[in-house]
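Chain by chain, the residues:
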Amino acid sequence: MASPRSSGQPGPPPPPPRPPARLLLLLLLPLLLPLAPGAWGWARGAPRPPPSSPPLSIMGLMPLTKEVAKGSIGRGVLPAVELAIEQIRNESLLRPYFLDLRLYDTECDNAKGLKAFYDAIKYGPNHLMVFGGVCPSVTSIIAESLQGWNLVQLSFAATTPVLADKKKYPYFFRTVPSDNAVNPAILKLLKHYQWKRVGTLTQDVQRFSEVRNDLTGVLYGEDIEISDTESFSNDPCTSVKKLKGNDVRIILGQFDQHMAAKVFCCAYEENMYGSKYQWIIPGWYEPSWWEQVHTEANSSRCLRKNLLAAMEGYIGVDFEPLSSKQIKTISGKTPQQYEREYNNKRSGVGPSKFHGYAYDGIWVIAKTLQRAMETLHASSRHQRIQDFNYTDHTLGRIILNAMNETNFFGVTGQVVFRNGERMGTIKFTQFQDSREVKVGEYNAVADTLEMINDTIRFQGSEPPKDKTIILEQLRKISLPLYSILSALTILGMIMASAFLFFNIKNRNQKLIKMSSPYMNNLIILGGMLSYASIFLFGLDGSFVSEKTFETLCTVRTWILTVGYTTAFGAMFAKTWRVHAIFKNVKMKKKIIKDQKLLVIVGGMLLIDLCILICWQAVDPLRRTVERYSMEPDPAGRDISIRPLLEHCENTHMTIWLGIVYAYKGLLMLFGCFLAWETRNVSIPALNDSKYIGMSVYNVGIMCIIGAAVSFLTRDQPNVQFCIVALVIIFCSTITLCLVFVPKLITLRTNPDAATQNRRFQFTQNQKKEDSKTSTSVTSVNQASTSRLEGLQSENHRLRMKITELDKDLEEVTMQLQDTPEKTTYIKQNHYQELNDILSLGNFTESTDGGKAILKNHLDQNPQLQWNTTEPSRTCKDPIEDINSPEHIQRRLSLQLPILHHAYLPSIGGVDASCVSPCVSPTASPRHRHVPPSFRVMVSGL
């Protein structure tokens, strides 16, 4: 059954005479052989060999029947095989032998293929080599047994990586590159585009799994990371989703064309296509394969346009069917000339992508046999090649070694074997506008990649990135913002300097002197330190180094803390002095000098320094970098921005901030308490309680709001810096303005009014069961030089008030019951008191004005006589005779004691220790006793 049919030459000699039955079988054999599926004659159309030329038989194993899908491969390569055999015979390459190819149909079935192989060995001639092997399963079974028959097999279509195992298949060669041959080409492509991070997606089939495993070995040690390896059986969507979750941008796929449609549909659903992704898949699919599987794709709810959109730009990798070089091959023809001859010869037979490899395979066999014959001729054994048999191990090794030495340029490129594997050419195609375009090729022999210019097209402006490029970007302070806030800060410092100049220049003015100029200087100094901290808060990693930034963390904290304490500490110390003087009514004198206030401020600063030194020594501030979640690039580039933000932090940041905040909060509460207690002391030069309250209110509210907003905008340095800077500028500016602007205005408009006590009395309510309201008028001891000036001004004001009180007292006296005794008493006693009051000219020159006022008042009534009384006018209406001597005496009887006891103490006429009533009307004014209701306490300034 397996005996071949030859064309143009009789077969082997007929057997000796047989019995009639055997003879009948031999007569029918020529009629049965065409129907035998296991054997076909050698290539049809080949010229008849000369009768004297012995054949060199080659066993051809391939599927040929139409019932098998891969039968088209066998039928498609036959025209190429015939062309090769014809050209070899024409060149007499094997003279005096001719190449005799005997074909056997394997039908891609293991059993039938193995039977065809054994029938060819048993019934056919001694085959020198085996040519063929298309179906992987059949080829692997036969190739595993070749060593026992000393046969070398050459395949032109078996690409399965399993056959690359030389320990298991030492006598197997192939002219077609294996599926693993694409892996070095893929490696070269990845290096060309600098893709160092890939992922694999593999169908659970042995062929694809082996390619994936080999790819892992190829990429190992090449600085290319396989970040994720996914496989699937039927539904690839889960695997595709995992690839996206692992940020795989370059996907190396190994699956057939039916699964490819599903994969790209899943990629479309997961948005894994376009400018950010690159798919690299096998390129051996059928032409327009996406059209064939469109129906299956629709079943998964994937429209054709969606499938094509996801496929756009994928790169297919496959062996090159024919060389693109315009170089003559071993046959003397270029690959392009061969292709034209092949197309002419195949007539109605469909083409096969393996025809070039089959053509070169025949030439490989011919060259191998030629070298084997040369080896035999050179040996001393004088063995002929046609004497080969399946037990001739020596000749089998000669043929094997000759096969390994193959090296020539064929229609598929340079034909070279390395461990039995063809070092061929791999092509790269790209799917562009619903068609595949060749964009490059890889030469395995030279290990070079050649990309065709301007053919590959990426959907972005550049090749996709192998991963999401994370650009760590330090969020820094905007230079324009820093410039604007710095300008505002400079203006604030200029204003503070102007206040400092004003305070120093007018330090001898009673208004400034009474407001403690040294404390004012400290307030200005604290404000300027707070202003200076803004410059340091705006310096980040874009301006200074990391080491300098850590130093700034400490410096700006110290400056802001000391500035706050200096400004508000001095302000609160001034208020404490006013509180100590005015609230302690039991003391006759209260002298508190500026030196004591400086000690108080120094104590506050000492507490600050203790806290800051302990903070720095135990847990210093360090530069920390906080990394935030990735953000898309605002410019639309294929990168992600990971913001970095510098912070000044330490291990126990909360504890230290709590200590500082608690101390500053207590200081502010103490200032509020002092401001409230002294709210009724209304000497503008002394009492800043109103402005302190306003400052504390504004500073407190702004600090709370600023701290909250600053915490919420922690990840936005521009906003945070802007808020912090504006809060510091606002608080410092409002504090300085509230302290100094009123003084500036008062000094320019009415300098004396600032030191006058408009309400020189203030009330303190005692919260006891027998509480009584006591009103005390107190003068303040500011300095020995200002004491005289203040009292002189007060004396002048009181004398001017006499005339105003006179009219008011006239109305009051009209309502009183008049008695003669009172009139006599006034005449005798209080007229002398009035003279005593007016005789106090030795205290100050300004008393002359008071005498003139009273004299003028008396001169306006010339009829008034102090020692006489007109009885005839006593019965008249008091309103009609208001200027009578009786009424004048009555008024004086009330005015003079009040003036005596109320005004003279202010000019030094009454001692605060005088508590007994006056004894005689002629006593000295400084030694008259004051009734308790008019008792006052005088403290010298």
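For the protein chain, the name recorded in an unreviewed UniProt entry is Gamma-aminobutyric acid type B receptor subunit 2, with Prolemur simus as its organism. According to the UniProt record, the Subcellular location (unreviewed entry) comment for the protein chain reads "Postsynaptic cell membrane". UniProt's Sequence similarities (unreviewed entry) comment on the protein chain is quoted here verbatim: "Belongs to the G-protein coupled receptor 3 family. GABA-B receptor subfamily."

1. Considering the pairing of strand β2 (residues 98-105)
For β2, the tally of buried residues reaches eight of eight residues, placing the bulk of the element in the interior. Of the two faces of β2, both are covered, the one formed by F98, D100, R102 and Y104 as well as the one formed by L99, L101, L103 and D105. Sheet topology note: the strand β1 (residues 55-62)/β2 ladder contains eight bridges and is parallel. Across the sheet, residue I58 finds its bridge partner in β2, namely L101.

2. What about helix α2 (residues 71-90)?
Its 20 residues give α2 an end-to-end C-alpha distance of 29 Å, which sits within 8% of 28 Å, the value for a rise of 1.5 Å per residue. If you look at α2, its biggest bend is around 30 degrees, right at L78, and the proline P79 turns up within four residues after that. The element α2 is extensively covered by neighbouring structure, given that 16 of its 20 residues are classed as buried. Phi for S92, located one or two positions after α2, is positive at around 50 degrees.

3. Description of the environment of M259
Of note, M259 is situated in helix α9 (residues 257-269). Remark: the alpha-carbon pair of M259 and V293, spanning 34 residues in sequence, is separated by 9.0 Å. Leave out the neighbours within four places in its chain, and M259 touches Q203, F232, S233 and N234.

4. Quick look at the sheet that holds strand β13 (residues 421-422)
Ordered by their spatial adjacency, three strands build an open sheet running β11-β12-β13, and the pairing between neighbours is antiparallel. With partners counted over all chains shown, the strands left at the sheet margins are β11 (407-410) and β13, one partner each. In terms of strand pairing, β11 meets strand β12 (residues 413-418) through four bridges, oriented antiparallel. Within the sheet, the bridge partner assigned to G410 lies in β12 and is G413. Sheet contacts for helix α14 (residues 355-378): β11, β12 and β13; angle to β11, the most-contacted strand, approximately 145 degrees.

5. Section: a nonpolar patch on the surface
A cluster of nonpolar side chains, namely I484, L488, I490, L491, I494 and L726, defines an oily patch on the protein surface of about 550 Å² accessible area. At five residues, helix α16 (residues 479-505) tops the list of elements feeding residues into the nonpolar patch. Tracing the sequence through the fold places I490 in helix α16.

6. Quick word on the packing of aromatic side chains
Applying the stated rule across the entire model yields 31 aromatic pairs. With a centroid separation of 5.4 Å and an interplanar angle of 65 degrees, the aromatic rings of F117 and Y118 are classed as edge-to-face. For the ring pair F117 and W149, a centre distance of 6.5 Å and an interplane angle of 85 degrees mean the geometry is edge-to-face. In this pair, F117 is assigned in helix α3 (residues 110-123) and W149 in helix α5 (residues 146-149), connecting sequence segments 32 residues apart. Overall, the relative accessible area of 0% leaves F117 in the buried class. With relative accessibility at 25%, the residue W149 sits in the partly exposed group. Taken together through their ring pairs, the aromatic side chains of F208, F264, W279, W284, Y285, W289, W290, Y314 and F431 make up a single cluster. Sitting over the face of the ring of F354, K353 holds its NZ or CZ atom 5.8 Å from the ring centroid.

Rules used throughout
Residues numbered from 1 in each chain as written. Predicted model: local features only at pLDDT ≥ 70, side-chain atom pairs only at ≥ 80, totals over all residues. Heavy atoms only, no water. UniProt positions renumbered as here; feature names shortened; annotations may be inferred. Buried < 20%, exposed > 50% of the residue type's maximum accessible area, 1.4 Å probe, protein only. Helix = DSSP H or I, 4+ residues; strand = E, 2+ residues; numbered from the N terminus. Pairing = 2+ DSSP bridges. Expected span 1.5 Å × (residues − 1). Bend = angle between axes of the 7 residues up to and from the residue. Contact = heavy atoms within 4.5 Å. Axes fitted to C-alpha atoms, helices over the stretch in contact; angles between N-to-C directions. Patch = residues over 30% accessible without salt bridge, like charges linked within 9 Å, V, L, I, M, F, W, Y side chains within 5 Å. Areas by Shrake-Rupley, 256 points an atom, 1.4 Å probe, with all protein chains shown as cover. Salt bridge = Lys/Arg side-chain N within 4 Å of Asp/Glu carboxyl O. Phe/Tyr/Trp six-rings, centres within 6.5 Å; stacked < 30°, edge-to-face > 60°. Lys NZ or Arg CZ within 6 Å of the ring centre and 35° of its normal.

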